[in-house]
Amino acid sequence: MGGGRRAVEPDLGRRARVDERKAACSVSIVHPRLRGMLGGADLHLHSRHSDGTLPPARLMELCAGQGLEAASLTDHDTVSGVAEALEAGRRLGIRVLSGVELSAEFRGHEVHLLGYGFDPGDPALLSALEDHRREREQRAERIVARLNQLGVPLRLEQVFEAADGGVLGRPHLADALLRSGLVSSFQGAFERYLNPGCPAFVSRIRFSLDQARQLIEGAGGLLVLAHPHLNLSSANIRLLAEEGIGGLETVHPGLKPSQSRELEELADRLGIPATGGSDCHGPGRGPMCLGSLRVPPETVDRIEAALRGIERRRARAMAGAACSRGER
Ligand code: AMP
Ligand code: ZN
Ligand code: FE
Ligand code: FE
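As the structure is a computational prediction, the values presented were derived from the model and not from experiment.

Visitor: So, the site of ligand 1: which residues are in play, and what are the values?
Guide: Arg 136, Arg 139, Arg 170, Gln 187 and Arg 204 are the nearest of the 13 residues found near ligand 1. In this structure, Arg 139 approaches ligand 1 through a side-chain N or O atom, which is 2.8 Å from an oxygen atom. Considering ligand 1 on its own, with 500 Å² of exposed area, one finds that the protein chains cover 76% of that surface. Those elements that provide at least two residues to the shell around ligand 1 are helix H5 (123-149), helix H7 (170-179) and helix H8 (186-194). The dominant element in the shell around ligand 1, judged by the number of residues it contributes, is H8, at three residues. Its residues assigned to classes, the shell around ligand 1 comprises three nonpolar, five polar and five charged.

Here's what the structure looks like:
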């Protein structure tokens, strides 16, 4: 996470800093319905450890500045920013839950799963995430090769420079294309090359639902289905939820109010926490929406209660296994 990205692309860096200054001092980024409401939790945030643009501690400072009582950093496929976020939370007096966002597959659909409250040092989780990091690097290489075949002279080093040590994703390819002047906008890079169906799109390996559950619950965490209607029909959401998801994200910028209500009813019926947040990626990646969507702070109490339930089940399962081996 060096300071190289600003030197490489002064324009983008300057825009990001201006956006950040505006975000830090303006209340207009808070959704009008929520203006003046203090507190709450934003449980869906990305940092530069994946495809966001700010360091974890800076995000937590902005959360504190927005009056949030709780937050979670949920980077894609990495927990490398979690320790910094937890430390910043302690310093700033806000509750921070460990978090991550994994891509998984359910009945042929890509779904995003959030993990909360797990041990960020869990060896099985770290090893699986490391495999995914490597696979994302290989995928970036394949995307660059496709771009080159299309006559777009992007180099892999430029993508690594854009990622600045973060887990590689398509947003870094879009950044690199923009910085090299090969496209005229970040969004244009997706529309022309990177979206599914476009000539440089390459899919990537995803976890199965069971693998994701084992990884997150094995590390003592709660598995939550992220922005359900972005990927699944209502029927599939119900099926997946009934297959044993630990929580549902009911508040997200991609969800309509009617969808949020439907999801809240489903979470209620299943007796699982309803979570949510802004899915903010930082300035330079769409609107600076941190804190603009919040869930009540009791959500964190509910997540913690669910985590205690998972811990009790694990302890019982381990005691059962020891008993069947004849140990005392
Ligand atoms: P990846 O995990 O590498 O496939 O990249 C997925 C990320 O790219 C998402 O989390 C979004 O942040 C971003 N993304 C996907 N599609 C678009 C799009 N059409 N425009 C802008 N960002 C996008
Ligand atoms: Zn993202
Ligand atoms: Fe997502
Ligand atoms: Fe996200």
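Visitor: Tell me about the nonpolar core, and name the residues and values.
Guide: Of all hydrophobic cores here, the largest spans 31 residues; its most connected members are Val 111, Leu 113, Leu 125, Leu 225, Leu 240, Ile 245 and Leu 248. Within the second largest apolar cluster, 24 residues are counted, among which are Ala 140, Ile 143, Leu 156 and Leu 173.

Visitor: An account of a positive patch on the surface is requested, with residue identities and associated values reported.
Guide: Taken together, Arg 308, Arg 312, Arg 313 and Arg 316 make up a surface patch of like positive charges. Within the element layout of this structure, Arg 316 appears in helix H13 (residues 298-324). Taking the relative accessible area as the measure of exposure, Arg 316 reaches 57% and is therefore exposed.

Visitor: Tell me what's going on with the sheet that holds strand S1 (residues 41-45), and back it up with residues and numbers.
Guide: Strands sit in the order S1-S2-S3 across an open sheet of three strands; the sheet is parallel. Only two strands of the sheet have a single partner each, and these edge strands are S1 and strand S3 (95-97). Here the strands of the sheet are splayed against their neighbours by 20° on average, with no regard to which way each runs. Bridge analysis of strand S2 (residues 70-73) against S3 gives three bridges, and the strand direction is parallel. Bridge pairing in S3 links Ala 70 to Arg 95. Across the face of the sheet, helix H3 (residues 56-65) comes into contact with S1, S2 and S3 while running at roughly 155° to S2. Against the sheet, H13 makes contact with S1, S2 and S3, and its axis sits at roughly 45° relative to S3, the strand it touches most.

Visitor: If you had to explain the pairing of S2 to someone new, which residues and values would you point to?
Guide: The alternating pattern of S2 places Ala 70 and Ser 72 and Ala 71 and Leu 73 on opposite faces, both of which are buried. Both S1 and S2 contribute to a ladder of three bridges, which runs parallel. Counted as the bridge partner of Ala 41 is Ala 70 from S2. This β-α-β element, S1 to H3 to S2, shows right-handed connectivity. Once the chain exits S2 it traverses helix H4 (residues 82-92) before rejoining the sheet at S3, and the crossover so formed is right-handed.

About the cut-offs
- Residues numbered from 1 in each chain as written.
- Chains lettered and ligands numbered in written order.
- Predicted model: local features only at pLDDT ≥ 70, side-chain atom pairs only at ≥ 80, totals over all residues.
- Heavy atoms only, no water.
- Near = heavy atom within 4 Å.
- Polar contact = N/O pair within 3.5 Å; in protein donor to acceptor, adjacent residues only side chain to side chain.
- Areas by Shrake-Rupley, 256 points an atom, 1.4 Å probe, with all protein chains shown as cover.
- Helix = DSSP H or I, 4+ residues; strand = E, 2+ residues; numbered from the N terminus.
- Nonpolar A, V, L, I, M, F, W, Y, C, P; charged D, E, K, R; others polar.
- Core = buried A, V, L, I, M, F, W, Y, C linked by side-chain atoms within 4.5 Å.
- Buried < 20%, exposed > 50% of the residue type's maximum accessible area, 1.4 Å probe, protein only.
- Patch = residues over 30% accessible without salt bridge, like charges linked within 9 Å, V, L, I, M, F, W, Y side chains within 5 Å.
- Salt bridge = Lys/Arg side-chain N within 4 Å of Asp/Glu carboxyl O.
- Lys, Arg positive; Asp, Glu negative; His and termini not counted.
- Charge placed at Lys NZ, Arg CZ, Asp CG, Glu CD.
- Pairing = 2+ DSSP bridges.
- Axes fitted to C-alpha atoms, helices over the stretch in contact; angles between N-to-C directions.
- Contact = heavy atoms within 4.5 Å.
- Right-handed = clockwise from strand over helix to strand, strands pointing away.

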